[in-house]
Amino acid sequence: MAVLYVALLVTAGWAVAGLPRPAGPAKVPVATLVSVAVVAVVSGLQLTVAPGLFEALRRDRAAIADGQVWRLVSSFVVQDSGWTGTVFNLVTLAVLGTLAERRWGAARWLVLAGTVQVLGGLWGLVVLPVGAGSSLVDFGLAASLAAAALVLGTSVQVRVLGTVSLVAALVLLVLGDVHGGAATLGAAAGVTLAVQQRRSIGSVHV
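Residues numbered from 1 in each chain as written. Predicted model: local features only at pLDDT ≥ 70, side-chain atom pairs only at ≥ 80, totals over all residues. Heavy atoms only, no water.

Asker: Looking at this model, I keep getting lost on helix α7 (residues 106-127). Mind explaining?
Answerer: The end-to-end C-alpha separation of α7 is 30 Å, in line with the 32 Å expected for 22 residues at 1.5 Å each. Listing the buried residues of α7 in full gives Trp109, Leu112, Ala113, Val116, Gln117, Gly120, Gly121, Gly124 and Leu125. (Helix = DSSP H or I, 4+ residues; strand = E, 2+ residues; numbered from the N terminus. Expected span 1.5 Å × (residues − 1). Buried < 20%, exposed > 50% of the residue type's maximum accessible area, 1.4 Å probe, protein only.)

Asker: What is the right way to look at the side chain of threonine 11 in this model?
Answerer: Structurally, threonine 11 can be placed in helix α1 (residues 2-17). Here serine 165 takes part through its backbone nitrogen, which lies 3.5 Å from a polar atom of the side chain of threonine 11. Not counting residues within four places of it along the chain, the set of residues in contact with threonine 11 comprises Val6, Leu161, Val164 and Ser165. (Polar contact = N/O pair within 3.5 Å; in protein donor to acceptor, adjacent residues only side chain to side chain. Contact = heavy atoms within 4.5 Å.)

Asker: Any chance you could explain the pattern of salt bridges here in plain terms?
Answerer: When their charged atoms lie close together, side chains carrying opposite charge are able to pair. For the structure on display, the rule yields one salt bridge. Between aspartate 60 and arginine 58 there is a salt bridge whose closest N-O contact spans 3.2 Å. Take arginine 58: its relative accessible area is 18%, and that puts it in the buried class. (Salt bridge = Lys/Arg side-chain N within 4 Å of Asp/Glu carboxyl O.)

Asker: Just to check I follow, could you spell out the packing of aromatic side chains for this structure?
Answerer: Two descriptors summarise a pair of aromatic rings, namely the distance from one centre to the other and the angle between the planes of the rings. Under the counting rule described, the total for this entry stands at one aromatic pair. Ring geometry for tyrosine 5 versus phenylalanine 139: centroids 5.3 Å apart, planes at 75°, classification edge-to-face. Of this pair, tyrosine 5 sits in helix α1 while phenylalanine 139 is found in helix α8 (residues 135-152), placing the two residues 134 residues apart along the sequence. A residue is classified by how much of its surface remains accessible, and tyrosine 5, at 21% relative accessible area, is partly exposed. (Phe/Tyr/Trp six-rings, centres within 6.5 Å; stacked < 30°, edge-to-face > 60°.)

Asker: Sorry if this is basic, but what is going on with the packing of α1 against α8 here?
Answerer: What describes two packed helices is the angle between their axes and the distance between those same axes. At a minimum axis distance of 8 Å, the contact between α1 and α8 shows a crossing angle of 50°. For the element pair α1 / α8, the angle class is oblique. The hand of the α1/α8 crossing is left-handed. Contacts between α1 and α8 involve Tyr5, Leu8, Leu9, Ala12, Ala15 and Val16 on the former and, on the latter, Asp138, Phe139, Ala142, Ala143, Leu145, Ala146 and Ala149. (Axes fitted to C-alpha atoms, helices over the stretch in contact; angles between N-to-C directions. Parallel < 35°, antiparallel > 145°, perpendicular 65-115°, else oblique. Left-handed = near helix turned anticlockwise from the far one by under 90°.)

See below:
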């Protein structure tokens, strides 16, 4: 699985780097920075002085079935993979989150991330009933960038990289990995957003 994770995340970031930058000056990625800060603080507390946060906030099928639906969101801020996984998730969120926010804008970023977290969490209830982490959002944002590379890319290299990322996402989905559902949702959102972006660019040039 690790190879597929790296393939999906790295090729998505690499692919979007080859796309033309959106018009206008680059803005501070506020949504990304706030998300990274919140996850870092809560996860840090969980891994040090407040281990009970994990059980209280994690995705838990039995608890959610009992009415604690908010766990689909709160599971974003705690981690189930220790310090190594936490650092990896935070770095990935910072890098790919910034790329995605500059591509889609803060408002769309928030909608995309929230949708992936909740709906991806529902998929998680099927394949991994208990878990937590910001990785669902990481993979959703990555796949949205890979989809953008396919829709907006003008070079073979960019489109190949985007394809590799999305194939990895599909394999993860077929294998029943929790990240496969999140990536699939992100890819669908990315296609929609990229098509809108392409139409907007086209109307400007008409």
